[in-house]
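Below are the chains, spelled out letter by letter.
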Amino acid sequence: MEDASTGDTDYAERSKILSLLFGSRSCHLEYIISLMPTRCSPKTISTILGSILDSHSPSISSGSVLAAVMNSLALANPDPLTYARRVVLADYIIDEVNYDASTLPNIVQFIDESVSLREVHIEEGVVKLGWLRSLTKEDRVAHEVIMNVFSKASASSPILQHYISLLIQLTKAQPYLLIRHLSLIGSLLLPVGRLPMRQLKSKYISVLVLVLDLLLMITPDAFKEATQIETILSSYFLIFDGIGRNRFWASLVLKFHKVCVRYLELNASRARAFFLSHMDVMGQIVKNHESSDRSLLSDVLTSFGRFCDE
């Protein structure tokens, strides 16, 4: 059975590789980046850019990131710039302009020509990002706290609660900070979702509750392009498959109901398509666990049934 620490290890290894590839400013690196449009498939380009922009890292060169994005984004398929990744890219733009102001004209032209960067604006030659501001220090803190929440899941309750409290405080103080780290949470949650029920109950219930609480706290913008939200919710569907009426999971399921309803309210068409792919498990948890949100979810399931019958 896969251990939860695998997620930590995989993420650390990926971060190390990205730092090695994009952590310097040299002509050799620029040459390698220039080869991406001609030597990589659209899907590979999308994967590379998505990995670079999953989380802002001070160890990665902003110039290298922007060179890769500006040279190859138009060829990427599917488009890797989810909402959260645009936030990360905006911070790399700020880093690069602060490092070398002469890069601003090229960045302005790139932004003007890119339909994927509508949140970023240039006014009077200055990058205006509104709430998209540099949070390098906070990024490092948030990353460390999230990693500790998962790695300390089996530790004594006071230690885990300390990190849970810190993460909640960070989210309240900087709501958009969590959006920037949803991909990290999703990657750490994937191996957790595959653990035996006994291990989930004894070690991870507090973490599972926390993640749902955070999804209820974050701003509605996070649900606009919800690939990372769906990655997280998929782990819960995996956990809930076959739990029946087990009362142990009741409070977690009811909180999950609330997240599902919020997703439906904020991005109905995308949410319905996603829930349709998990219709069997959704049906189980709606049928077996009553809540104030059950009626809406039941209506959605009923519409799925009519759709499947046609």
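Per-chain numbering applies: the sequence of each chain, read as written, is numbered from 1 onward. Thresholds applied to this predicted model are a pLDDT of at least 70 for local features of residues and 80 or more for the giving and counting of side-chain atom pairs; totals over whole chains, interfaces and linings are not thresholded and use all residues. Side-chain measures here rest on the full set of heavy atoms in the structure, leaving out hydrogens and waters.

- The protein is annotated in an unreviewed UniProt entry as NopRA1 domain-containing protein from Ascaris lumbricoides.

1. Considerations on helix H10 (residues 182-193)
Here comes step 1: In this model, H10 (twelve residues) spans 16 Å end to end at C-alpha, consistent with the 16 Å of a helix rising 1.5 Å per residue.
Here comes step 2: With a 1.4 Å probe rolled over the protein chains alone, any residue whose accessible area is under 20% of its type maximum counts as buried; one over 50% counts as exposed, and the rest are partly exposed. Think of it this way: any DSSP run of H or I at least four residues long counts as a helix, any run of E at least two long counts as a strand, and we number them from the N terminus. Summarising burial for H10: ten of the twelve residues are buried, a large majority. Given the number of residues in a helix, its expected span is that number minus one, multiplied by 1.5 Å.

2. Comments concerning the environment of Leu81
Here comes step 1: Along the chain, Leu81 falls in the loop between helix H4 (62-72) and helix H5 (83-99).
Here comes step 2: In this structure Leu81 comes out as buried when scored by relative accessible area, which is 3%.
Here comes step 3: Between the C-alpha atoms of Leu81 and Leu49, which are 32 residues apart in sequence, the distance is 8.3 Å.

3. With respect to the pattern of salt bridges
Here comes step 1: Salt bridge, as applied in this entry: a Lys or Arg side-chain nitrogen positioned within 4 Å of an Asp or Glu carboxyl oxygen. By the definition in use, this model includes four salt bridges.
Here comes step 2: Asp213 serves as the salt-bridge partner of Lys255, at 3.0 Å between the closest nitrogen and oxygen. With a gap of 42 residues between them, Lys255 in helix H13 (residues 250-266) and Asp213 in helix H11 (residues 197-217) connect regions that are remote in the sequence.
Here comes step 3: Lys224 is paired through a salt bridge with Asp221; the nearest N and O atoms lie 3.3 Å apart.

4. Describing H4
Here comes step 1: Counting buried positions over the eleven residues of H4 gives eight, a clear majority of the element.
Here comes step 2: Listed as buried for H4 are Ser62, Gly63, Ser64, Val65, Leu66, Ala68, Val69 and Ser72.
Here comes step 3: Capping of H4 at its N-terminal end is provided by Ser61; its side-chain oxygen lies 3.3 Å from the backbone amide nitrogen of Gly63. Nitrogen and oxygen atoms within 3.5 Å of one another constitute a polar contact, given that in protein one can donate a hydrogen and the other can accept it, and given that sequence-neighbouring residues count only through two side-chain atoms.

5. Description of the environment of Ser114
Here comes step 1: Within the secondary structure layout, Ser114 lies in the loop between helix H6 (104-113) and strand S1 (121-123).
Here comes step 2: As for Ser114 and Leu73, which are separated by 41 residues in sequence, their C-alpha atoms are 9.0 Å apart.

6. Overview of the packing of helix H12 (residues 227-240) against helix H14 (residues 268-276)
Here comes step 1: Helix axes are fitted to C-alpha atoms over the stretch in contact, other axes to C-alpha atoms as well, and angles between N-to-C directions run from 0 to 180 degrees. Packing of H12 against H14 brings their axes to within 11 Å, and their N-to-C directions diverge by 30°. Relative to H14, the element H12 is oriented roughly parallel. In the crossing of H12 with H14, the sense of the turn from one axis to the other is right-handed. When H12 is examined against H14, the residues Thr227, Glu230, Leu233, Ser234 and Phe237 are found in contact with a partner set consisting of Arg270, Phe274 and Phe275.
Here comes step 2: Three classes are used, and their members are as follows: Ala, Val, Leu, Ile, Met, Phe, Trp, Tyr, Cys and Pro are nonpolar, Asp, Glu, Lys and Arg are charged, and the others, Gly among them, are polar. Grouping the constituent residues of the contact of H12 with H14 by class yields four nonpolar, two polar and two charged. Angular relationships are summarised with four words: roughly parallel below 35 degrees, roughly antiparallel beyond 145, roughly perpendicular across 65 to 115, and oblique for the angles in between. Rotating anticlockwise by less than a right angle from the far helix to the near helix defines a left-handed crossing, while the corresponding clockwise rotation defines a right-handed one. The criterion used for residue contact is that any of the two residues' heavy atoms lie within 4.5 Å.

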